[in-house]
2 protein chains.
Amino acid sequence: MAKICSQSENFSRWYLDLVKEADLIDYAPVKGCMIFKPYAYKIWELIKEDLDQRIKNLGVDNAYFPMLIPESFIIKEKEHLEGFAPELLTATRVGQKKLEEDYVLRPTSETIIYDAYSRWIESYRDLPLKMNQWANVFRWELKTKPFLRTSEFLWQEGHTVHKDNEDAAKMVEDALNMYYEFQKEILAIDPISGKKSPAETFPGADYTYTLEVLAKDKKTIQSCTSHNLGQSFAEAFNISFTDEDEKIKTPYLTSWGMTTRIIGTLIMAHGDDKGLCLPPKIAPYQVVIIPILNKKDDEKVLEKTKEIEQILKEQNIRYKTDLSDKRPGFKFAEWELKGVPVRLELGARDLENNSCVLCLRKNSEKINIKITDLKEEIPKIFVKIHQLMLDDYQNFLKENIIEVETKEEAEKIIKEKGGFVKVNWCLEKECEESFKSLSTAKCACIPLKQEKVKGKCFNCGKEAKVKALFAKSY
Amino acid sequence: MAKICSQSENFSRWYLDLVKEADLIDYAPVKGCMIFKPYAYKIWELIKEDLDQRIKNLGVDNAYFPMLIPESFIIKEKEHLEGFAPELLTATRVGQKKLEEDYVLRPTSETIIYDAYSRWIESYRDLPLKMNQWANVFRWELKTKPFLRTSEFLWQEGHTVHKDNEDAAKMVEDALNMYYEFQKEILAIDPISGKKSPAETFPGADYTYTLEVLAKDKKTIQSCTSHNLGQSFAEAFNISFTDEDEKIKTPYLTSWGMTTRIIGTLIMAHGDDKGLCLPPKIAPYQVVIIPILNKKDDEKVLEKTKEIEQILKEQNIRYKTDLSDKRPGFKFAEWELKGVPVRLELGARDLENNSCVLCLRKNSEKINIKITDLKEEIPKIFVKIHQLMLDDYQNFLKENIIEVETKEEAEKIIKEKGGFVKVNWCLEKECEESFKSLSTAKCACIPLKQEKVKGKCFNCGKEAKVKALFAKSY
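Residues numbered from 1 in each chain as written. Chains lettered and ligands numbered in written order. Predicted model: local features only at pLDDT ≥ 70, side-chain atom pairs only at ≥ 80, totals over all residues. Heavy atoms only, no water.

Our focus in this paragraph is the sheet that holds strand S4 (residues 68–70) of chain B. Spatially, six strands are ordered S4(A)-S6(A)-S5(A)-S5(B)-S6(B)-S4(B) in an open sheet, and the strand pairing comes out antiparallel. Edge positions in the sheet fall to strand S4 (68–70) of chain A together with S4 of chain B, since each of these pairs with one other strand and no more. Strand after strand, the sheet turns through a mean of 45° between neighbouring axes, direction not considered. Here strand S5 (residues 89–94) of chain A pairs with strand S5 (residues 89–94) of chain B via five bridges, running antiparallel. (Pairing = 2+ DSSP bridges. Helix = DSSP H or I, 4+ residues; strand = E, 2+ residues; numbered from the N terminus. Axes fitted to C-alpha atoms, helices over the stretch in contact; angles between N-to-C directions.)

Each pair of packed helices can be described by the angle between their axes along with the distance between the axes. Residue and element names in this part refer to chain A. At a minimum axis separation of 9 Å, helix H6 (residues 165–187) and helix H12 (residues 374–399) run at an interaxial angle of 120°. One finds that H6 runs oblique with respect to H12. Each of Lys 184, Glu 185, Ile 186 and Leu 187 in H6 lies in contact with H12, whose residues at this interface are His 386, Leu 390 and Gln 394. Partitioned by chemical class, the residues of the contact of H6 with H12 number three nonpolar, two polar and two charged. (Parallel < 35°, antiparallel > 145°, perpendicular 65-115°, else oblique. Contact = heavy atoms within 4.5 Å. Nonpolar A, V, L, I, M, F, W, Y, C, P; charged D, E, K, R; others polar.)

Residues and elements named next belong to chain A. Burial within strand S14 (residues 252–259) is extensive, with seven of its eight residues counted as buried. Note: strand S8 (residues 152–162) against S14, eight bridges, orientation antiparallel. What sits directly across from Trp 155, in S14, is Thr 259. Pairing between strand S11 (residues 220–230) and S14: five bridges, direction antiparallel. Within S14, the position partnered with Ser 226 by the bridge is Trp 256. (Buried < 20%, exposed > 50% of the residue type's maximum accessible area, 1.4 Å probe, protein only.)

Least-squares fitting of chain B to chain A yields an RMSD of 0.0 Å, with the transformation described by 0.0 Å of translation along the axis and a rotation of 180°. The two molecules are tied by a two-fold rotation axis, judged by turn and shift. The position closest to the rotation axis in chain B is occupied by the C-alpha of Ala 91 of chain B, lying 1.9 Å away. When you check the interface residues of chain B against chain A, 100% turn up at the interface there too, and the contact is symmetric in its surfaces. (Least-squares fit on C-alpha atoms with pLDDT ≥ 70 in both.)

Time to look at helix H13 (residues 407–416) of chain B. Residues and elements named next belong to chain B. Along H13, the positions that sit buried rather than exposed are Ala 410, Glu 411, Ile 413 and Ile 414. The arc that holds the buried residues of H13, viewed along the axis, is 165°, so those residues lie on one side. Exposed residues lying more than 90 degrees from the buried face of H13 are Glu 408, Lys 415 and Glu 416. Here the buried face of H13 lies against strand S20 (401–403), strand S21 (420–425), helix H14 (429–439) and strand S23 (466–471). Just past H13, the residue Gly 418 takes up positive phi, approximately 80°. (Arc of directions from axis to C-beta.)

Moving on to the pattern of salt bridges. When charged atoms on two side chains of opposite charge get close, those side chains can pair. Residue and element names in this part refer to chain B. Here the structure, examined in full by the defined rule, presents 72 salt bridges over all chains. Linking Lys 326 and Glu 334 is a salt bridge whose minimum nitrogen-to-oxygen distance equals 3.1 Å. Salt bridges sharing partners connect three or more residues here, namely Lys 274, Glu 336, Arg 343, Glu 345 and Lys 366. (Salt bridge = Lys/Arg side-chain N within 4 Å of Asp/Glu carboxyl O.)

Here we take up the interface of chain B and chain A. Interfaces are often described in size by the accessible area the parts lose on coming together. Residue-level contacts link 57 residues of chain B with 57 residues of chain A. Buried surface at the junction of chain B and chain A, summed over both partners, amounts to about 4,300 Å²; 61% is from carbon and sulfur atoms. Where chain B packs against chain A, one counts eight salt bridges. A salt bridge links Arg 93 of chain A to Asp 102 of chain B; the shortest N-O distance between them is 2.7 Å. Across the chain B-chain A interface, the total number found is 32 residue pairs in polar contact (both at pLDDT 80 or more). The element contributing the most residues to the side of chain B that touches chain A is helix H2 (residues 38–57) of chain B, with seven residues. Classifying every residue of the side of chain B that touches chain A gives 34 nonpolar, six polar and 17 charged. (Buried area = accessible area lost by both parts, 1.4 Å probe. Polar contact = N/O pair within 3.5 Å; in protein donor to acceptor, adjacent residues only side chain to side chain.)

Written out as structure tokens, the structure is:
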């Protein structure tokens, strides 16, 4: 039977065991790349389906731009280039012939998309322009980890153009709120909305918003970002428009994205020693039916199983019936490892009462239920599971944000307890760097909900400008 | 106003005008690559959504494999390598550093997927193994045409493994039938199912099935393919399984795919001098509402428009209301160019009767209709339009398959009339090549529905083995 290490023993090994044993991934013979096996890919499909609708609801159209970016484009925005240069994978030949121009495999598509926008945008009537694409991207990373950091990953990237900064700033917020609602409503995660520190801002952006999620090992994961790019890319790519007053102006751009990293985030936020624990809304199978067979009455049990399948099908519930010849205990452990929210057990003794037993992955609760009640009860049970998962996440988060005043206190918390330390900060780069070399913790974000800041910077003692969260991060 | 060339004047220019003016694509500053603008991408999304469900209905799971293929993999299957070598785009460096191994950008994924299959397959219990992926692929083409032949394109590729050839052969047929039903039911195209000649078979396959679609200029388009790969790839990648009899055996593989080429196929099969003509099932907008405003009663017209929108929304009909300040005639032409199946006109004079006018893109038929009847009638009208389009396609096809006995007759038909010539053929490569140099026509396919073959090869006069269709092709 598949075995995974416990979280407390070695969290990193727990994670690597889980992604293999739950049949989510396989490693590929390509440095830092992985194969999304069907179980993981189905989670991604369910995520995509929901998020795609939310993106469309923001008035954004999907499109598709070439994956190859002429190298000359990448160098147009200086900060952007500096941020990505060492990770850029580059195609230089076709067959045995050298290409006329080298092409970078997109690390992100600002440059190729904004080149097109410069041709498409003429007047204020063309604004706002809002497009999104679902695509694969490449960043040649030195240290990789399945889902969280891989050389190739999948994502969506939204790219919008606005006539003024106010409109762009609103878009950046709308995108962040969309991700927040998605993560809360679909993934049962309540992330922290914040602004990245200048050191962690997207190369070329004015500022970057993030949603930070706390993993079970108390390190933070940046689960998505939303950037206000200001006018720098518009200037680099000559995007301009004639405004109503007939003046030629430079627009304001935004970009925002969520990647397959979200699957790693989900695993680390909800997983436990039994394995994956999936919220019902993105579980490939929401219910696994396990008929308990013992020869006597098997035919009747299987007949009743068909009846249950029919009920689930009519409710559009994603289910799987496990008829393999493994022992029930083995099957239970296997489907727990794969995080299926509800196990439905049905044995000969349940037949008399026309009932079955539901067992919830999240809290191991067992529920005896009449088969005639399944139709009505299962959707309610999904809602309950989602809420249980969200409550647990929120409690865990609350316990792991500790407010402190000095760097010594902050360092102690980071080293001994983990999680977020909440500190007063002057916003100076030097303070972030000095605390990082002390503790290995960076600024996770400056929460958007700011309390009134009074007091001194936790690191340098000068006047503080913001309350910030510092944590070790993925 | 956007103008496109007529088909009879210059079909190729008509096509290139159309894809630009209907706002389907833009050219990218990357050789042979194009941008899928939202209108085209939405067509692709609708195609994907339908086809994906059909693929899943065949018991195939979606997964995702790395885009980068170690160069050493590509050379494992000799014919495969020879078929693709000159088109292979290759990444050789990251930043300014040379990679340890060069990576080919996938031209198709047999090699990287079968390497994984060799690790995953152990016993007959693992078979059949059926996976599919939706991905971007790269073939560095010398001559390109939007959708039909581009250096990067989007597709799905199915890859299955079977314990015997019979099962593999059935899969190859099932995939072809799936594509056939999709094209007929969704695209209103009735393609010819056939086998490719040996010269046109996929590099490394035992045989290749195709669906051939006749474009309005009477050239044929290979709209998808399904390959029986036999055992060659399994041997090259060391895929084997322990069968029930405990013997170690080599399985049989298949692969099959449909690409964004299908959008070009759709345009060329149904388009006319007014532009694109879309079947309702994949039209981004199925209905365009054009309120005819003339100041008097404008408010009432707009109020009624809202009422109509509500009716369409409730029926899940994809609609767009054009409230731009262009003249109605201009709007009519613009939406005809974009191929919207139904135009709904509503003016002040329609208010008294609580009616509106529907105009069908396919045949310009005008229908006066009570607004209270829209709910019931519009779905019927979509069915009717689909049937009209299919009938037209079938009639066009029937008129353009001419059976002849000699190469002289065949050449005359190809040169003067175009379309398919149906001939007796001995299946020898030399005959295909010699007729090609005479007429520029290749063997489009050997139709799966074979009549009894009697007679001599149209080219060499030896005994014929099959009835084959020859045509000029894209």
